[in-house]
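One letter stands for each residue in the lines below.
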Amino acid sequence: MMLSSINNSFEQDTHDVDGNCDGPDLDFVYADVDTYQNEIAELYSYTEFNELQQNVKAFEDQMEMYDLPPNWQKQNSASQRSIIMKLIDQLEVSSRAFRMQAARCILYLAQGCWAEVQSDEEQHQLTRDNVIVLYELGVFSSFIDLLNMEIESACSPDIVAVKITNVTLVDSTDLRVILSVLYIITETIRDEFEKDSEDYKQIADAFIQEINSPLPDGELLAVKLLGMITRFCSGAAPHFPMKKVVLLLWKITLLGLGGMETLKNLKNEYRLKAGLEPVTEDTLEVTKNMRASSPPATATDILDNQNPKRNAFRRSLMKQRFLDEQEQMDIELTPGNESAPSSNNGGNGNQEEDISQFYRQFEDPSANTVNPNNQPSFSQPPPLQVTTRLPWTSKVRQKDIDQFLDISRNKFIGYSLIDDHESLAGLPQPIHEGVQTLRRHMYVSLADIQIKKEEEIARNPISTQEDEIPTNPAETLYQAILPNLPQYMIALLKVLLAASPTSKSKTESINIMADVLPKKMPITDSQKLTVDMSRHKEIIVKAVSAIILLYLKHFKINHIYQFEFMSQHLVFANCIPLVLKFFNQTITEYVGMKNTIPLLDFPSCVIGEQPDLSGESFVYGGDISDKPYYSWRNVFSCINLLRILNKLIKWKHSRVMMLVVFKSAPILKKTLKVRHAMMQLYVLKLLKMQTKYLGRQWRKSNMKTMSAIYAKVRHRLNDDWAFGNDLESRPWDFQAEECTLRACVDRFNLRRYPEATQKCGAGGNNGNSGNSDNSTGNMGAGGNSMGGGNDANGFGGGGGTGGGGNGHAQLNDYGVECGFPSDEILSHSDFAFFGHSGWWDRKVELTEYFKENYSIWLEEEVYNNQIDWDAL
């Protein structure tokens, strides 16, 4: 009876906690982009509303100059083309005012001549029709020339002399007009291309070819935009409108390289060429059928939901033996058991009610139905919710099979066979069956094939024939950005940091609000400005995260070492703690942010009768629905950042240890409160990587999370992730692992792109944007990065856990508070673990102590060390 009472108390406590956390899943569907209307609306800030009227005025003035009525729809096709040709000619005049009047007129046409229509649909159709004519007549190329002129003029002394804090909306007026035209053309063609519009097919093909080809000056458009971001971050061009630049770069990248569907097709195409089977499982498709798990209850949640009068029993204090007894009691009281009262014993309702206290609803991740009250019902025995299979097919690598064979041979035979992957002689029959099972599930990735090929070339450079370098958009882009890739990655992360909601506003940091803040700060519209600034940051995070993810995915498919080169520079630029710092907030609030005012979104703000926007009009209530509200762009950004983090860390032992050192587990657990299956999957993947290093106590007190990992994340047959008995649970050397990888990547780059690699090395030594003096400052270069002291294990003491010793104390000495680098260090242009590129080429000053004891060092480290020449 006492057991029944305790169990009842515990069950009530669990239901209360889950009741507060549970709710309907977000109906967010992950895609390459949001709707066309939303993507166009996000181009404009709310403070740009007044400038829209200037576009109409410019159009009317131009039509008056041509002695034509100021109505675009009344002009026939020939007249419209004639007007556009005249405007293109006007773009080449020397007078800036005259030139920009023509540019505004073209922007008005690209915006769909909104002053002449009565609905959003009419405006969209006019935009669609006008973009065809504008692109065919060469407006896109003309505006690229205008963009080049503006970039060159950014170096003028009057611009450079302007302080960053004084830059306002006015300083970027002309650039915003140019970028808006380029963006509308790009986004409209992309949208119609996805819809397979017949009248856009030829235009889309020509446009994709144009943006993937070098401009007349020999530079790709994507590289030009990356250069703008770099110059903005260096302070050379503080007036560049960053939101429009990153949005345009994102859409150029998405259309030029391809989105999720293109990536899936390319992956299978390359696998078939390499003699591998195509991949049938797609993460996006699998997660659509997953149901979000209930978030794990935190200690605070349990304490808040406990009823002190009933002396609720805390599960965290419950011994494992008692839990086992409780489960046995549940089995004994199951209906159908001889000792259990039958549920058909009609009349004894109280007894049936007592029995029901021992049943807990089984939560199947793949089930589509949700019990809103989280209470089981036994009026009709529910069918067993047991899935026939896990959502993923299990995989195993060749390396795992070799490891299994080595262990088995040493155990049963007493010796190992190097490079023998087949022989099973002397091993018992169960081992034979185990090897057969592993081989059935063996997965060979494109990366494995490419790495094996590179190793063969390194061993036999003369006899091994190298594959022909492909000519595809990803290869073209990689070759173009290779010389300055470290600077581009730092610039993107700087912008991401500045837009992060967790970053502190610093006067010396970059000012990404230059294209939001008006010259005169409003007094009455302060609420609108606050919403506009938050919305502005969210859009930048959305675009930057999408750009980085697209680059990583395309480079990984094209060649693994291209991916590794970019990912290593992201790691050196402190991307991992930056992303963790982004999630170190109340993520459920960020996902549900309502930083939007639909009445001020384009084109709603200029079409039809405009309501009086004051007071309560700014409060966005959302649609009247039972479904929870979410911000599409914020959920999209969170998933992108989690995917980036997964790509940087997967199969990298030293980077997994960084997750442990930065105490990412509690941050990631909080992210599980967002009820979206895809987001939870990527969080669980990150948790799975580090569970073996978090200790037995953590695993014991987070069994709900462990169960979710088991149910949702793909199983690797030899991965002992849940117990921590893996051979890789060893002291780790960040430097050695990254240096080995870097040597392979540099060998690849030097062989295939010798000129670009030499430029990259020179650029790395020169630093980024004139900050090379601090290239080894703050965090330091080499072994002492992140407070490793003289310990070779990188993050200082602590062995396999990476968090012991005085590592965290030393982190504080380097500006790392609570496991996170401060904003000054994160935003430092040359912050790196050991420099960005060519770090081994730097001159090293030897200490006097070393010089005096050089002979001793030779004796101990060289002469007395036995060298295994075969291994070497």
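Preceding this paragraph is the structure being described.
These figures come from a predicted structure and were not determined experimentally.

A. Layout of the overall build of the chain. From N to C terminus, the chain includes 38 helices and 2 strands. Residues counted as buried form 50% of the 872 residues belonging to the chain. Residue pairs in contact within the chain that sit at least 24 positions apart in sequence constitute 78% of those at least 6 positions apart. When the accessible surface of the chain is summed, it comes to about 41,700 Å², and 51% of that surface belongs to carbon and sulfur atoms.

B. Local environment of the side chain of histidine 124. For histidine 124, the position within the fold is in helix 6 (residues 120-136). Excluding residues that lie within four positions of it along the chain, histidine 124 makes contacts with Tyr36, Gln37, Asp191, Glu192 and Lys195.

C. How the structure looks around the packing of aromatic side chains. All chains considered together, the criterion is met by 23 aromatic pairs. When the centroid spacing of 6.4 Å and the interplanar angle of 70° are considered together, the rings of phenylalanine 59 and tryptophan 72 count as edge-to-face. Separated by 13 residues along the polypeptide, phenylalanine 59 in helix 3 (residues 49-65) and tryptophan 72 in the loop between helix 3 and helix 4 (77-90) bring together distant segments of the chain. Exposure remark for phenylalanine 59: the relative accessible area of 1% places this residue in the buried category. You can call tryptophan 72 buried: its relative accessible area is 1%. Consider the rings of tryptophan 632 and phenylalanine 636, whose centres lie 4.9 Å apart with planes at 20°: the pair is stacked. Taken together, the positions of tryptophan 632 and phenylalanine 636, both in helix 27 (residues 632-649) and 4 residues apart, correspond to about one turn of that helix. Its relative accessible area of 14% is what places tryptophan 632 among the buried residues.

D. Inspection of the packing of helix 24 (residues 560-572) against helix 33 (residues 734-752) at higher detail. For the pair helix 24 and helix 33, interaxial distance at closest approach is 10 Å and the crossing angle is 135°. When the axis of helix 24 is compared with that of helix 33, the two are oblique. Here the hand of the crossing between helix 24 and helix 33 comes out left-handed. Facing Tyr561, Gln562, Glu564, Phe565, Gln568, His569, Val571 and Phe572 of helix 24, the residues of helix 33 in contact are Phe734, Glu738, Leu741, Arg742, Cys744, Val745, Asp746, Phe748, Asn749 and Arg752.

E. Here's a closer look at helix 29 (residues 664-671). Across the 8 residues that make up helix 29, a large majority, 6, are buried. Of the positions making up helix 29, those classed as buried are Ser664, Ala665, Ile667, Leu668, Lys669 and Thr671.

F. The packing of helix 4 against helix 5 (residues 96-110), seen in detail. The contact between helix 4 and helix 5 brings their axes to 8 Å, and the two run at 145°. Viewed along their axes, helix 4 and helix 5 form a crossing whose handedness is left-handed. In this structure, helix 4 contributes Ile84, Leu87 and Gln90 to the contact, and helix 5 contributes Phe98, Arg99, Gln101, Ala102, Cys105, Ile106 and Leu109. Looking at the contact of helix 4 with helix 5 residue by residue, the classes come out as 7 nonpolar, 2 polar and 1 charged.

G. Molecular detail of helix 18 (residues 398-412). When the terminal C-alpha atoms of helix 18 are compared, their 21 Å separation across 15 residues agrees well with the 21 Å that a helix rising 1.5 Å per residue should span. All buried positions along helix 18 are accounted for by Asp400, Ile401, Asp402, Leu405, Ser408 and Arg409. The elements touched by buried residues of helix 18 are helix 19 (429-440). In the stretch just after helix 18, glycine 414 is the one whose phi turns positive, near 100°.

H. Structural detail: the pattern of salt bridges. Counted according to the given criterion, the structure contains 40 salt bridges. For aspartate 25, the salt bridge is made with arginine 675, and the minimal N-O distance between the two is 2.9 Å. Taken together, the residues aspartate 25 in the loop between helix 1 (2-21) and helix 2 (36-41) and arginine 675 in the loop between helix 29 and helix 30 (677-690) connect sequence positions 650 residues apart. Arginine 675 sits in the buried class, given a relative accessible area of 5%. Of the charged contacts in the structure, one is a salt bridge between arginine 128 and aspartate 199, with a shortest N-O distance of 2.8 Å. With arginine 128 in helix 6 and aspartate 199 in helix 10 (residues 198-211), the pair connects residues that are 71 residues apart, well separated along the chain.

I. Here's a closer look at the environment of leucine 405. Along the chain, the position of leucine 405 falls in helix 18. Each C-alpha atom, one on leucine 405 and one on histidine 421, is 7.8 Å from the other, the two residues being 16 residues apart in sequence. Not counting residues up to four positions away in its chain, the partners in contact with leucine 405 are Asp420, His421, Ser423, Leu424, Leu427 and Val435.

J. The environment of glutamine 101, seen in detail. As for its position among the elements, glutamine 101 is in helix 5. When the C-alpha atoms of glutamine 101 and phenylalanine 59 are compared, they prove to be 8.1 Å apart, with 42 residues separating the residues in sequence. In this structure glutamine 101 touches Ala58, Asp61, Gln62, Met65 and Gln90, once residues within four positions along its chain are discounted.

K. Structural context of unusual backbone geometry. A cis geometry characterises the amide bond from phenylalanine 602 onward to proline 603, with omega recorded as 5°. Secondary-structure assignment places proline 603 in the loop between helix 26 (587-591) and helix 27. In this structure, aspartate 67 takes a positive phi of about 60° despite not being glycine. Checked against the element boundaries, aspartate 67 lands in the loop between helix 3 and helix 4. At cysteine 113, a residue that is not glycine, the phi angle is positive and equals roughly 45°. Within the secondary structure, cysteine 113 is located in the loop between helix 5 and helix 6.

L. Molecular detail of a nonpolar patch on the surface. Taken together, the side chains of Tyr854, Trp857, Val862 and Tyr863 define a hydrophobic patch exposed on the protein surface, amounting to about 420 Å² of accessible area. Among the structural elements, tyrosine 854 can be located in helix 38 (residues 854-863). Its relative accessible area of 42% is what places tyrosine 854 among the partly exposed residues.

M. Just the nonpolar core, in detail. Within the largest apolar cluster, 192 residues are counted, with the highest numbers of intra-cluster contacts made by Phe140, Phe143, Ile189, Ile229, Trp250 and Tyr551. Ranked by residue count, the leading element in this core is helix 23 (residues 526-558), at 13 residues. Counting 8 residues, the second largest nonpolar core, distinct from the first, contains Ile401, Leu405, Leu427 and Val435.

N. Fine view of the environment of glutamine 479. By secondary structure assignment, the location of glutamine 479 is in helix 21 (residues 473-481). On the basis of relative accessibility, which here comes to 37%, the residue glutamine 479 falls in the partly exposed class. Taking the C-alpha atoms as reference points, glutamine 479 and arginine 752, separated by 273 residues in sequence, lie 9.7 Å from one another. Not counting chain neighbours up to four residues away, the residues in contact with glutamine 479 comprise Ile469 and Tyr753.

Definitions and limits used
- Residues numbered from 1 in each chain as written.
- Predicted model: local features only at pLDDT ≥ 70, side-chain atom pairs only at ≥ 80, totals over all residues.
- Heavy atoms only, no water.
- Helix = DSSP H or I, 4+ residues; strand = E, 2+ residues; numbered from the N terminus.
- Buried < 20%, exposed > 50% of the residue type's maximum accessible area, 1.4 Å probe, protein only.
- Contact = heavy atoms within 4.5 Å.
- Areas by Shrake-Rupley, 256 points an atom, 1.4 Å probe, with all protein chains shown as cover.
- Phe/Tyr/Trp six-rings, centres within 6.5 Å; stacked < 30°, edge-to-face > 60°.
- Axes fitted to C-alpha atoms, helices over the stretch in contact; angles between N-to-C directions.
- Parallel < 35°, antiparallel > 145°, perpendicular 65-115°, else oblique.
- Left-handed = near helix turned anticlockwise from the far one by under 90°.
- Nonpolar A, V, L, I, M, F, W, Y, C, P; charged D, E, K, R; others polar.
- Expected span 1.5 Å × (residues − 1).
- Salt bridge = Lys/Arg side-chain N within 4 Å of Asp/Glu carboxyl O.
- Patch = residues over 30% accessible without salt bridge, like charges linked within 9 Å, V, L, I, M, F, W, Y side chains within 5 Å.
- Core = buried A, V, L, I, M, F, W, Y, C linked by side-chain atoms within 4.5 Å.

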